[in-house]
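What follows is each chain in one-letter form.
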Amino acid sequence: MARYKQGLAFRYIQNTKYYRDRPWRDDLGSIPATRRFKNYPEAERLQLPEPDLSRPANLWQCLAKRRSERDYTTNPLSLEELSKLMWAAQGVTARAGIHLLRTAPSAGALYPFETYLYIDRVEEVTQGLYHFNVADFSLECLQDGSFNQLITRACFGQPVVRRAAVVFIWTAMMLRCMVKYRDRAMRYIPMDLGHVCQNVQLASTAMGLGSCPIGAFYDDDINELLGVDGEEETVLYLITVGNL
Ligand SMILES: Cc1cc2nc3c(=O)[nH]c(=O)nc-3n(C[C@H](O)[C@H](O)[C@H](O)COP(=O)(O)O)c2cc1C
């Protein structure tokens, strides 16, 4: 047997296939409404301005121009730019029953992830670590101060992280998806986040900003920074954004 067939990745895909003659899912129950997204009620809140979506961008041009950019200037982002990036990532665009539907699709409308931001340089915003509150379109300040060195070191010292004005950090909320899809959930969570990340890249391109997805990091260094357990909630993906 080829060696790769003994590996985790191969066995995972094989063991999470759907078959016509087997039940396609096995709900373990439902998630209480309060656990559909996290919030930090004690944190100081920064209300993001409503994004101005009136200025059109050419989708075809954005797709053609999108690139992973790693060299940013030290210029800060504006609050309006940050608000548009956040809206592109996870803005609520409709309601369907208890679901807050967003700019990016998600299997079962579960949105099994949380968005954190390290803000290094955004006009009018204190440097620090924030959590995005989906329902309020606000940022909850978890810790103020510079975490540039810590995050860069956690990302294998990549200069693109050090140069970023903002770093989006996404965690996977395992149980939120596993309750419905059991082990197949770990196919869906990265798919969901791929859509979200692409939205941020396209929005960055539309505004003339640079961005770069980041998949190389020491997971538990980031988990520790965010104060999450690395099991039920664990970091999965990052993207840097900065001025070109
Ligand atoms: C899942 C994923 C992880 C990535 N991780 C990194 C990374 O850690 N560092 C980096 O510089 N680029 C990273 N990239 C960017 C890729 O290197 C880039 O997308 C690829 O070279 C193609 O270039 P393009 O995005 O400009 O088309 C990642 C991209 C994806 C989709």
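Cut-off values and rules
Residues numbered from 1 in each chain as written. Predicted model: local features only at pLDDT ≥ 70, side-chain atom pairs only at ≥ 80, totals over all residues. Heavy atoms only, no water. Near = heavy atom within 4 Å. Polar contact = N/O pair within 3.5 Å; in protein donor to acceptor, adjacent residues only side chain to side chain. Areas by Shrake-Rupley, 256 points an atom, 1.4 Å probe, with all protein chains shown as cover. Nonpolar A, V, L, I, M, F, W, Y, C, P; charged D, E, K, R; others polar. Pairing = 2+ DSSP bridges. Helix = DSSP H or I, 4+ residues; strand = E, 2+ residues; numbered from the N terminus. Axes fitted to C-alpha atoms, helices over the stretch in contact; angles between N-to-C directions. Contact = heavy atoms within 4.5 Å. Buried < 20%, exposed > 50% of the residue type's maximum accessible area, 1.4 Å probe, protein only. Phe/Tyr/Trp six-rings, centres within 6.5 Å; stacked < 30°, edge-to-face > 60°. Lys NZ or Arg CZ within 6 Å of the ring centre and 35° of its normal.

Draft legend 1. Broad picture of the site of the ligand. Taken together, Arg66, Arg67, Ser68, Arg70, Gln158, Cys212, Pro213, Ile214, Gly215, Ala216 and Tyr237 make up the full set of residues near the ligand. Between Gln158 and the ligand, the recorded distance is 2.7 Å, taken from a side-chain N or O atom to a nitrogen atom. Calculation on the ligand without its partners gives an accessible area of 620 Å², and the protein chains cover 56% of this total. A class-by-class count of the residues in the shell around the ligand yields five nonpolar, three polar and three charged.

Draft legend 2. Spatial organisation of the sheet that holds strand 8 (residues 209-214). On the basis of which strands lie adjacent, the open sheet formed by seven strands has the order 1-6-5-4-7-9-8 and antiparallel pairing. At either margin of the open sheet sits one strand with a lone partner, and together these are strand 1 (44-47) and strand 8. Across this sheet, the average inter-strand angle for adjacent strands is 30°, counted without regard to direction. In this sheet, strand 6 (residues 138-144) lies alongside strand 5 (residues 128-133) in antiparallel orientation, the contact comprising six bridges. Its bridge partner lying in strand 6, Gly128 is registered against Asp144. Set on the sheet, helix 6 (residues 174-181) makes contact with strand 4 (113-119) and strand 7 (166-173); between it and strand 7 the angle comes to about 40°. Seen against the sheet, helix 7 (residues 185-206) touches strand 4, strand 7, strand 8 and strand 9 (233-243) and runs at an angle of roughly 10° to strand 9.

Draft legend 3. Structural context of the pairing of strand 7. Where burial is concerned, most of strand 7 is hidden: eight out of the eight residues are buried. Alternating residues of strand 7 divide into Val166, Phe168, Trp170 and Ala172 and Val167, Ile169, Thr171 and Met173, and every residue in both groups is buried. In the sheet, strand 4 pairs with strand 7 via seven bridges, with the strands oriented antiparallel. From the neighbouring strand, Glu114 faces strand 7, where its bridge partner is Thr171. Bridge count between strand 7 and strand 9: eight bridges; the pairing is antiparallel.

Draft legend 4. Fine view of the packing of aromatic side chains. In total, this model carries seven aromatic pairs according to the counting rule given. Here Phe132 and Phe137 contribute two aromatic rings whose centre-to-centre distance is 5.8 Å and whose plane-to-plane angle is 90°, an arrangement assigned as edge-to-face. The pair formed by Phe132 and Phe137 is uniform in burial state, with each residue classed as buried. One Lys or Arg, Arg102, reaches over the ring of Tyr111 and ends 3.7 Å from the middle of that ring. The ring of Tyr18 has Arg184 lying over it, and the distance from NZ or CZ to the ring centre is 3.7 Å.

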